[in-house]
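Report on the structure
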Amino acid sequence: MVYFDNGATGQKPQVVIERINTYYQKENANIHRGVHHLSQLSTENYEAARSIIQNFIGANHSEEVIFTSGTTEGINLVAQCYGELLQAGDEVLITEMEHHSNIVPWQMLAERKQLTLKYIPINEKGELRLELLDELLTTKTKLFAFTHISNSLGTINPIKELIEKAHAIGCKVLLDAAQSLQHCQVNVTELDVDFLVFSGHKVFGPTGTGILYGKKELLNAMPPYRGGGDMIKTVKMSGTTYNELPHKMEAGTPNIAGGIALGQALEWLSQFDFQEIEAYEHELLEYATKEIKTIEGVKIFGESSNKSSILSFLIDGLHPYDIGTLLNQQGVAVRTGHHCTQPIMDFFDIPGTIRASFSFYNTKEEIDYFINALKKAVSMLA
């Protein structure tokens, strides 16, 4: 199989698979509570993974790293907890290119708290219309949540500039890094970002894992996300006092094996030079773009000059699902549909696209096979 669905999830290196097996075969125990050897060992390994992740994203404190089930839960956590600090009439700003997980929680929060939700529109190239930013970003804007890299267009947003603009008026920033950490280095301290979220399964770790990074002072100011075990200091029938970070935001038994294996995945990823990864993936994208343009009727969506390794396209008169099905029959895995970005599809007035997304383990030979398979699919449907 030629696997070009890396935007949805990454394949797992052997060390990650082995780490999960080792945990369940030799280390399985609950964490943070037991005095016995296995519990202490699991706790040490889980917290070591937190430190690995802290170093990978450049956080100042390990307690600023909150384990979640993925990007979606991280955004919902901020919407629920930081959202409690907002008042009626406050504004939240997002963009038209967001994944649904960075739209719907803010719509729910806006309705619940009587906030105003605004968005930056996109242009025909699939870029943000940044000339509107000064008009949309006002002193009423309390949070600006946006993606680093569009999952359906590949557009790379100028995140440093956007963060600085928001901070200049006292607005906090949430960065969705679900599509970026596997392609480029992101340092939360250098960016001075307030919140950052990502999913473990996209950075070659297990599904059902993810991270919310938040500045310590903001996480401390926020109420807990959920109540239960491990997030408490004392519980009496008259009331409860909450635990310190990061435990305050991590109620109940977590995905222990997943968290440890996520640390292993990022440790594995750290051995590579990100400049080399970016250069190679850009080479793959340019090669695939050049080759696909030789097919009659192809239209590419997302033509920013600053773009990640995502190729989203349609072929005139052919439905993306039909193309995807015929590619699958030839052993090529791509994604078809709206990619959880229906507002983008509405903007372009299309039902969805075919998306080929590349990782650094892909090759030009695989792209050649994909292009030939695509030509066969087009010929069959024509």
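Residues numbered from 1 in each chain as written. Predicted model: local features only at pLDDT ≥ 70, side-chain atom pairs only at ≥ 80, totals over all residues. Heavy atoms only, no water.

**Describing the pattern of salt bridges**
Under the definition given, this model contains 16 salt bridges. For Asp5, the salt bridge identified is with Arg335, shortest N-O distance 2.7 Å. Of this pair, Asp5 sits in the loop between strand 1 (2-3) and helix 1 (14-27) while Arg335 sits in strand 14 (residues 335-337); the two residues are 330 residues apart in sequence, bridging distant segments of the chain. Assessed through its relative accessible area of 8%, Asp5 is described here as buried. We classify Arg335 as partly exposed; its relative accessible area is 35%. Residues Asp134 and Lys165 are paired through a salt bridge, measuring 3.0 Å at the closest nitrogen-oxygen approach. Of the two residues, Asp134 is situated in helix 5 (residues 133-136) and Lys165 in helix 6 (residues 159-168); the sequence distance between them amounts to 31 residues. (Salt bridge = Lys/Arg side-chain N within 4 Å of Asp/Glu carboxyl O. Helix = DSSP H or I, 4+ residues; strand = E, 2+ residues; numbered from the N terminus. Buried < 20%, exposed > 50% of the residue type's maximum accessible area, 1.4 Å probe, protein only.)

**As for the layout of surface pockets**
Put simply, the largest pocket is a space of about 390 Å³. Along the walls of the largest pocket sit 27 residues, with Gly7, His99, Asn151, Gln179 and Lys202 positioned nearest its centre. Put simply, the parts of the chain that give the lining of the largest pocket at least two residues each are helix 3 (71-81) and strand 14. When the residues that make up the lining of the largest pocket are grouped by side-chain class, the tally is five nonpolar, 18 polar and four charged. For the lining of the largest pocket, the two domains that each supply at least three residues are domain 1 (14-270) and domain 2 (274-381). (1 Å grid on protein atoms, 1.4 Å probe; cavity = no way out; pocket = protein on both sides within 12 Å on 5 of 7 lines; lining within 4 Å. Points joined across faces, edges and corners; volume = space filled by probe spheres on them. Nonpolar A, V, L, I, M, F, W, Y, C, P; charged D, E, K, R; others polar. Domains from an automatic or database assignment.)

**Points about the packing of helix 1 against helix 9 (residues 256-269)**
Running from amino to carboxyl end, helix 1 crosses helix 9 at an angle of 150°, the nearest separation of the two axes being 9 Å. Judged by the angle between their axes, helix 1 and helix 9 are roughly antiparallel. The two elements helix 1 and helix 9 meet at a crossing, and its hand is right-handed. Mapping the contact onto sequence places Val15, Val16, Arg19, Ile20, Tyr23 and Tyr24 in helix 1 and Ile256, Ala257, Ile260, Ala261, Gln264, Ala265 and Trp268 in helix 9. (Axes fitted to C-alpha atoms, helices over the stretch in contact; angles between N-to-C directions. Parallel < 35°, antiparallel > 145°, perpendicular 65-115°, else oblique. Left-handed = near helix turned anticlockwise from the far one by under 90°. Contact = heavy atoms within 4.5 Å.)

**Describing the sheet that holds strand 5 (residues 141-147)**
Taken together, seven strands build an open sheet; the order of strands is 2-8-7-6-5-3-4 and the sheet is mixed. Looking along the sheet, the strands with just one partner apiece sit at the ends: strand 2 (65-68) and strand 4 (116-120). Across the sheet, the axes of successive neighbouring strands diverge by a mean angle of 20°, strand direction being ignored. On the sheet, helix 2 (residues 37-57) packs against strand 2, strand 7 (195-199) and strand 8 (210-214) and is oriented at approximately 115° with respect to strand 2. Seen against the sheet, helix 3 touches strand 2, strand 5, strand 6 (172-176), strand 7 and strand 8 and runs at an angle of roughly 155° to strand 7. (Pairing = 2+ DSSP bridges.)

**Describing unusual backbone geometry**
A cis geometry characterises the amide bond from Leu245 onward to Pro246, with omega recorded as 0°. Relative to the helices and strands, Pro246 is located in the loop between strand 10 (239-242) and helix 9. The phi dihedral of His339 is positive, around 60°, even though this residue is not glycine. Structurally, His339 can be placed in the loop between strand 14 and helix 12 (342-348).

**Remarks on the sheet that holds strand 14**
Pairing in this open sheet of four strands is antiparallel, and the strands run 11-12-15-14 from one edge to the other. This sheet does not close on itself; its edge strands, each paired only once, are strand 11 (298-301) and strand 14. With direction set aside, neighbouring strand axes in the sheet form an average angle of 30°. Bridge count for strand 14 against strand 15 (residues 353-357) is three bridges, and the pairing is antiparallel. In the sheet register, Thr336 faces strand 15, and the bridge partner there is Ile354. Along the sheet, helix 10 (residues 274-292) contacts strand 11 and strand 12 (310-315); its crossing angle with strand 12, the most-contacted strand, is approximately 10°.

**With respect to the packing of aromatic side chains**
Evaluated as defined, the whole model comprises 17 aromatic pairs. Between Phe144 and Phe146, the ring centres sit 4.5 Å apart and the planes meet at 45°, which makes this aromatic pair tilted. Across this residue pair, the class does not change: Phe144 and Phe146 are buried. Of note, Lys299 hangs over the ring of Phe301, and the distance from its end group to the ring centre comes to 5.2 Å. For Lys364, the ring lying beneath its charged end belongs to Tyr287, and the centroid distance is 5.3 Å. (Phe/Tyr/Trp six-rings, centres within 6.5 Å; stacked < 30°, edge-to-face > 60°. Lys NZ or Arg CZ within 6 Å of the ring centre and 35° of its normal.)

**Topic: helix 10**
Spacing of three or four residues puts side chains on the same side of an α-helix, whose turn is 3.6 residues. In this model, helix 10 (19 residues) spans 27 Å end to end at C-alpha, consistent with the 27 Å of a helix rising 1.5 Å per residue. By the burial criterion, the buried members of helix 10 are Phe274, Ile277, Glu281, Leu284, Leu285, Tyr287, Ala288, Thr289, Glu291 and Ile292. Of the surrounding secondary structure, the elements contacted by the buried residues of helix 10 are helix 2, helix 9, strand 11, strand 12 and helix 13 (364-381). Two to three positions downstream of the cap, the backbone nitrogen of Gln275 sits 2.8 Å from a side-chain oxygen, assigning the N-cap of helix 10 to Asp273. (Expected span 1.5 Å × (residues − 1). Polar contact = N/O pair within 3.5 Å; in protein donor to acceptor, adjacent residues only side chain to side chain.)

**Observations regarding the pairing of strand 10**
Summarising the sheet, strand 9 (residues 232-236) and strand 10 pair through four bridges and their orientation is antiparallel. Along strand 10, the bridge assignment pairs Lys236 with Gly239. Connecting strand 9 to the next strand, strand 10, in antiparallel fashion are two residues.

**Comments concerning the domain arrangement of the protein chain**
Examined at the domain level, the protein chain breaks down into domain 1 (14-270) and domain 2 (274-381). Between the C-alpha centres of domain 1 and domain 2 there is a distance of 29 Å. Carbon and sulfur atoms make up 61% of the area that domain 1 and domain 2 hide from each other, which totals about 2400 Å². The interface formed by domain 1 and domain 2 contains zero salt bridges. Our enumeration of links across domain 1 and domain 2 arrives at 13 residue pairs in polar contact (both at pLDDT 80 or more). Classifying every residue of the side of domain 1 that touches domain 2 gives 12 nonpolar, 13 polar and five charged. (Buried area = accessible area lost by both parts, 1.4 Å probe.)

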